[in-house]
Structure formats: structure tokens, C-alpha cells
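Structure at a glance
Here's the letter readout for the chains.
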Protein chains: 2
Amino acid sequence: MELRQLKYFIRTAEVLNFTEAANDLFISQSTLSQQIKQLEEELDILLFDRVGKKIRLTEAGSLFLTYARQALQDTKDGKQIIEDLKELKTGSLNIGVTYGLSALLTDTIVSFSKRYPQIKITVDFGTSEDLLEKLKIAKIDFVLSFLQLPADDAFLSQVLFDSKLALVVHPSHPVAKEKTIDVKELQNICLALPAKGFNTRDFLEGAFTKNNISPSVKVELNDINMLLQLVETGNWCTVLTMASVKGRSNLKTIPITGIDIIRQASITWFKDVYRKKAANAFTEMIQSQIY
Amino acid sequence: MELRQLKYFIRTAEVLNFTEAANDLFISQSTLSQQIKQLEEELDILLFDRVGKKIRLTEAGSLFLTYARQALQDTKDGKQIIEDLKELKTGSLNIGVTYGLSALLTDTIVSFSKRYPQIKITVDFGTSEDLLEKLKIAKIDFVLSFLQLPADDAFLSQVLFDSKLALVVHPSHPVAKEKTIDVKELQNICLALPAKGFNTRDFLEGAFTKNNISPSVKVELNDINMLLQLVETGNWCTVLTMASVKGRSNLKTIPITGIDIIRQASITWFKDVYRKKAANAFTEMIQSQIY
DNA sequence: TCATTGCTATCGGTTAAACCGATTGATCAT
DNA sequence: ATGATCAATCGGTTTAACCGATAGCAATGA
């Protein structure tokens, strides 16, 4: 039994005339006759009564017709959902993002979801390691992070934009009046920093070591939002990329001088896997919102 | 797209390994690879991600899988219902019967319906002409009647049993004490007969004419049940085949002498049409109940 | 580091079956 | 009667499903 035969059968049942059905189906009458016969042999029952030069459905044919129609409809539905997927009328998008880039994501999610309301978005926060692991097993479609990867890896990265590290302070804080601050001066400030293992933190540590600095880290935590809340109390300062503080108008960012503090926000894909159209559309949207 | 390809796709999605799936499907790996590719080309989307030596479903593949499974299930259901039909676990039976044979039918319907409870029985009462017309357009599966047809017709008849015509009287009626009654004596009796056009009536008229008799028909009606009810009042007698009075123990039948009064109950099929298994089973049951 | 294994894609050739045109036999309308 | 119309059947052709062999690539282990 093949879908082809079901199509033939359905059309024949509709017009109850082999010759006409064959024309409709763009096959010869003999072929149609053969194919119907084949179907009848497989089911071991007559689907049509051949009475004189007329044919009509048998009870079996009538019962079977329903199922044949349904089967065909299912394949049409299957095709349709794939077309919908291509036009972003359905589907899902799983985004992995490191904490430092979450602020950036919000705007894009809002406009993407407005443009493609049928697509279900799931955002997965985590460390770079966690996210790359999930990327490998296709739990997420791509990762937004500050991570730079070796080129010969299973991953493929693409830079989105540069973002400088800056001291983040509350306006009431004493250093808030400074235009810039030298990296060495950080030693004199009460810092709350992302926990070790966090990408930005690790990057910072490297910079500190290189400059022989050991700032006083009073608080460490693994949640950027809470970190910024602490800074908002005015008791602590922190160091983050400018991008991480986007949308926090009640905080001040002070450029740090004396070290190379440029970080590159990037998007990372798993090599060789099919890229969802939704994923491509989303990243294009991110990029257009940056520039 | 063919069911074959859907089967291949489903199995491959289940084991996520072309080689293994090909073995399960008893085809070569190369064939499977080709067929999946063909399916992907038709849908214009990748169904599997080939990452290294592993494969996994894409979002499209995952969505499509549901529909592929459903389509296949529908064909299985279609096959199943036909198997059920063969085993008389489903289906319908449409019986045409003339009024004179309705009494006979009751018992068989009871036992048939007990044996094959899933089969829906519809009984169509009518005149022979009506019923043959319905037989022609497959509204009914066969006709039970006293009608004899010309052999060269589109119909095919088969005799079930002989049934003599008899005078039907109520025990309180004066003639009830007679063992037999001559056809000529019918003239002296108040008769209630089936309406003209009814098979038995037409047959009777022929017999009357041949014997130069013109009995006094006081009542004519087109419902055997009501006719017998009238006879039960004791005011009228009627003439019917013995078979028609089956189950009416409160009525007496008196054989009529002097004319050829044997009628043949028969079953009539439409030539060349597929005979439902249920119809065959039913008629076998009728015949076994007769003898 | 290099061979080995395990996997999919592709190539050329074979085979099965879908397909066609022509014909037959039958029914139906004129 | 006769021509028109329809489905079934018969060879012959063509399409495409299928196979084995092999290439190419990743994962694994020595």
C-alpha cells in the first residue's frame, strides 16, 4: 500500500469512473485499473463493485475511504507544518545566554516575539560551559556570550559587538563623580563581583594578575541582577561590561583605564547542524538592534 | 512522498542510526540513505542533523514525525476495519423483505444479532418492485420475497422453501372446524386480503380467475400485521402462505384444495456485486432455521 | 600519532514495478 | 442492430527502488 494508490483510490471513489479519474490523475486508465486491483488484492477485498459499465463503492470501500482520506490529510498536515516552520509561523527557539548578556537580550526578545508571535522562545541562563554542553546536545540553538573559542573546535563563533569593561557605581557613591578610573585604583574600592567561573570574572582576574593588583572583593555572587541590586544600595561597586548594565539608568558606568578591557560579545553555533530559520532571524534581529 | 518512505523515516527516527534502521527494514543502508534524502528534498528541509557519526532529528523532523506516524496508523486502522468486516465484527446489513415473509425473519434476526452483535441490521419492508429497485442501487443487500424472476435478469434468485397458501381464521369462526376447504367455497366467506399490488394478492387473483371465482373481499390493506389483527377479531378470514402466519398460535390455518397454491419463498441478489460476508452469513442462518 | 572501527553519502549497475498503448469484451443508448 | 463508452488485460517501455562497493569522515583505542 502506497500513498499513490490511496490518492488513486480516493479520486476514483469520488468520480466513480475509472477513465475520468485516470484523466484527473494524469495516468492512463489501464494503470489506474491495475493499481486499484493491487490495492484490492493487498486488502483481500473488493473496494468497488463493477456492475455493468458503472462502478460503485462496496461497503469495504466505503469504510476504507475514510481512513485513506485521513492518511492523506495527515501527510498534507505534515507538509504544512514544515511550511509554517519555514515561514516562522510555528516552532520554537531555545537561546542560551550568559548572565552578562541578559540585559541585551530583553529588547530583541520583545520585538522578535512581536514579529513572530507563534514561536515559542525559551531562554536558558548559565555559564559558558553549561551552555556549550547544551548546545552540543541540541538543547539550545545558539549561545550568546563573551566567550572566544578556538577556531578548530566543533563550534562556530561570530562577534556581535565590542563592549568595554567599566566600573559600575551608584550615583551616591564617592567615585561616581570621576570621569575615568585607573585599574590600580580598584584596590581601594569595595567590590562585589560575579563569582569565579563566570566568564567576566575570569577575564578580570587575568587582568588583575597581569597588573599585579589584588582588589578587595567583599561579595561574590552568581546572579547579575542581584549583583546590580547590591550596587544600587551604594555600598558596593562592581565591574561589568557596559552591555551588562544596559537599561539600568539609575547606575553609572565609569571607564577603566590602564588595561585592555575590551570584551567581544559573540554568538556561538554548533557546527554542521541545521540552523533553524527562527534562529537566523533572531540573530539578525539582535545585530540590527546593536547597530 | 510514499508510505514506504514514511516507514523508513519513522524507524530511522526511532533508532537514530541509518545502518541499524536499514537492517530493521530489510533494506540496504544506501537505499535508506537515498530514500531519506528524497523525502528531505521533497519537503525542502533537513529531517536529520548529521553531526559526526551520529544523527539526530531536527526540529522539522521532530514535528513531521508525528504526522508520519499518524498517517501510517490511519492505514493500519483502515486495514483493521476491513479485517473486522471480514470477521463480521463490524459493518451493516440491509435486508429487504416483503410483508408476507416478515414473520419468518424475526427469529433469524434475533439469533443473528446475538451471534454478531456489532453488525447493524436494517430491515426494509416493501413491495417486490420497491425492493428490487433498492437492490439495484445497493440500498439493500438482498430481498426476501415470494417473487420468481426470469433467469436472464440482472437478479439472481434462490429458493428457500415452499409454502402453501391457506385460509387463515380465528378459532371462533364457523369454518374453523373444517380440515380443508375447497377454493370454490371461498366465495361464501368474508375475506380481508392484502391490497392489490401485493405479491400474494396478485397470485391469488390469478388463481381466482382461473377457477372462475369471485370471492367477496370486504377489506383490503397493505399491512400484514393489521390484516392478521382483523382476522383475530373473528369477523374476517384471509388467505396467506403458512409462512406468513408463523408465530401466531391463536390463529388457525386451513389448507385450500382445488388449486395449485404452492408459493416459493426465495432470496434475491443483485448479480455481479460483491456479496457481503454478513449477508452470506445471514442467509445461511435463515436456511438452517428453515430445515 | 596512527591505525581501526563505525557511520553516512555517493556511484554505477540491476531489478522490480509503475506505466503506457492497444485490444478485448461487455454494457448502454440510439 | 450499431456505435459509443467503459473496465480489464496483454506486451513492451521506462522509471525508480534497490543493491554492493567504495569514498569520506568522525570517534576510539593503542
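Predicted, not measured: the structure shown is a model, and the values here were computed from it.

Next up on the list: the interface of chain B and chain A. Facing 43 residues of chain B, the contacting portion of chain A comprises 44 residues. Overall, the association of chain B and chain A removes approximately 3800 Å² of surface from exposure, summing both partners, and the carbon and sulfur fraction of that is 67%. Its largest share of buried area at the contact with chain A, chain B owes to Glu59, Tyr67 and Tyr274 of chain B, together 16% of the area lost on that side. Between chain B and chain A we count eight salt bridges in total. Where aspartate 44 of chain B meets lysine 86 of chain A, a salt bridge forms, and the shortest distance between an N and an O atom there is 3.6 Å. For the pair chain B and chain A, the number of links is 17 residue pairs in polar contact (both at pLDDT 80 or more). Elements that contribute at least two residues to the side of chain B that touches chain A include exactly helix H1 (3-15), helix H3 (29-43), strand S1 (48-51) and helix H4 (59-86) of chain B. The element contributing the most residues to the side of chain B that touches chain A is H4 of chain B, with 17 residues. Per-class residue counts for the side of chain B that touches chain A are 21 nonpolar, six polar and 16 charged.

All names here are of chain B. Those residues of helix H2 (residues 18-25) lying buried are Phe18, Ala21 and Ala22. Each buried residue of H2 sits inside an arc of 100 degrees when the element is viewed along its axis, so together they form one side. If you follow the buried residues of H2, they end up packed against H1, H3, S1 and strand S2 (54-57). Its side-chain oxygen 2.9 Å from the backbone nitrogen of threonine 19, asparagine 17 forms the N-cap of H2. At the exit of H2 stands phenylalanine 26, carrying a positive phi of roughly 60 degrees.

With that settled, consider the protein's contact with DNA strand D. Taken together, 23 residues sit near DNA strand D, with Phe18, Thr19, Ser33 and Arg50 of chain A together with Ser28 of chain B positioned nearest. Considering the 4 Å shell around the protein, atoms of DNA strand D inside it are sugar or phosphate in 63% of instances. At a separation of 2.5 Å, a phosphate oxygen of DNA strand D approaches a polar side-chain atom of threonine 19 of chain A. Contact distances for DNA strand D include 3.1 Å between a base oxygen and a side-chain N or O atom of lysine 53 of chain A. Listing elements by their share of the surface near DNA strand D, those giving two or more residues are helix H2 (18-24) and helix H3 (29-43) of chain A together with H1 and H3 of chain B.

Moving on to the pattern of salt bridges. Following the criterion strictly, the structure yields 32 salt bridges over all chains and no others. Note that aspartate 24 of chain B is salt-bridged to arginine 11 of chain B, the shortest N-O span being 2.9 Å. With a gap of 13 residues between them, aspartate 24 of chain B in helix H2 and arginine 11 of chain B in helix H1 connect regions that are remote in the sequence. Connected via shared salt-bridge partners are Arg11, Glu14, Asp24 and Arg69 of chain A.

Okay, the pairing of strand S8 (residues 191-194) of chain B next. A regular strand places its side chains so that they alternate between the two faces of the sheet. Residue and element names in this part refer to chain B. Taken together, the four bridges between S8 and strand S9 (residues 217-221) define a ladder with parallel strand orientation. The residue bridging alanine 192 from the neighbouring strand is valine 219, located in S9. In this view, the connection linking S8 to its parallel neighbour S9 by way of helix H7 (residues 199-210) has right-handed handedness.

The next thing to look at is the nonpolar core. Core analysis: the biggest nonpolar cluster contains 58 residues, and Phe64 of chain A together with Phe64 of chain B have the highest contact counts within it. Of all the elements in the fold, those that place two or more residues in this core are helix H1 (3-15), H2, H3 and helix H4 (59-86) of chain A together with H1, H2, H3 and H4 of chain B. Every residue in contact with phenylalanine 64 of chain A, bar those within four places of it in the chain, is listed here: Met1, Leu6, Phe9, Leu39, Leu43 and Leu47 of chain A together with Gly78, Lys79 and Ile82 of chain B.

What the domain assignment lists for chain A is domain 1 (3-86), domain 2 (92-160 + 264-290) and domain 3 (163-263). The straight-line distance from the C-alpha centre of domain 1 of chain A to that of domain 2 of chain A is 47 Å.

A few words now on the protein's contact with DNA strand C. Not every one of the 23 residues close to DNA strand C is listed here, only the nearest: Ser28 of chain A together with Phe18, Thr19, Ser33 and Arg50 of chain B. The sugar-phosphate portion of DNA strand C accounts for 64% of its atoms within 4 Å of the protein, the bases making up the rest. In this structure, a phosphate oxygen belonging to DNA strand C sits 2.5 Å away from a main-chain N or O atom of serine 28 of chain A. Between asparagine 17 of chain B and DNA strand C, the recorded distance is 3.5 Å, taken from a side-chain N or O atom to a phosphate oxygen. Those elements giving two or more residues to the surface near DNA strand C turn out to be H1 and H3 of chain A together with H2 and H3 of chain B. Looking at the surface near DNA strand C residue by residue, the class counts come to five nonpolar, 13 polar and five charged.

Parameters and conventions
Residues numbered from 1 in each chain as written. Chains lettered and ligands numbered in written order. Predicted model: local features only at pLDDT ≥ 70, side-chain atom pairs only at ≥ 80, totals over all residues. Heavy atoms only, no water. Contact = heavy atoms within 4.5 Å. Buried area = accessible area lost by both parts, 1.4 Å probe. Salt bridge = Lys/Arg side-chain N within 4 Å of Asp/Glu carboxyl O. Polar contact = N/O pair within 3.5 Å; in protein donor to acceptor, adjacent residues only side chain to side chain. Helix = DSSP H or I, 4+ residues; strand = E, 2+ residues; numbered from the N terminus. Nonpolar A, V, L, I, M, F, W, Y, C, P; charged D, E, K, R; others polar. Buried < 20%, exposed > 50% of the residue type's maximum accessible area, 1.4 Å probe, protein only. Arc of directions from axis to C-beta. Near = heavy atom within 4 Å. Pairing = 2+ DSSP bridges. Right-handed = clockwise from strand over helix to strand, strands pointing away. Core = buried A, V, L, I, M, F, W, Y, C linked by side-chain atoms within 4.5 Å. Domains from an automatic or database assignment.

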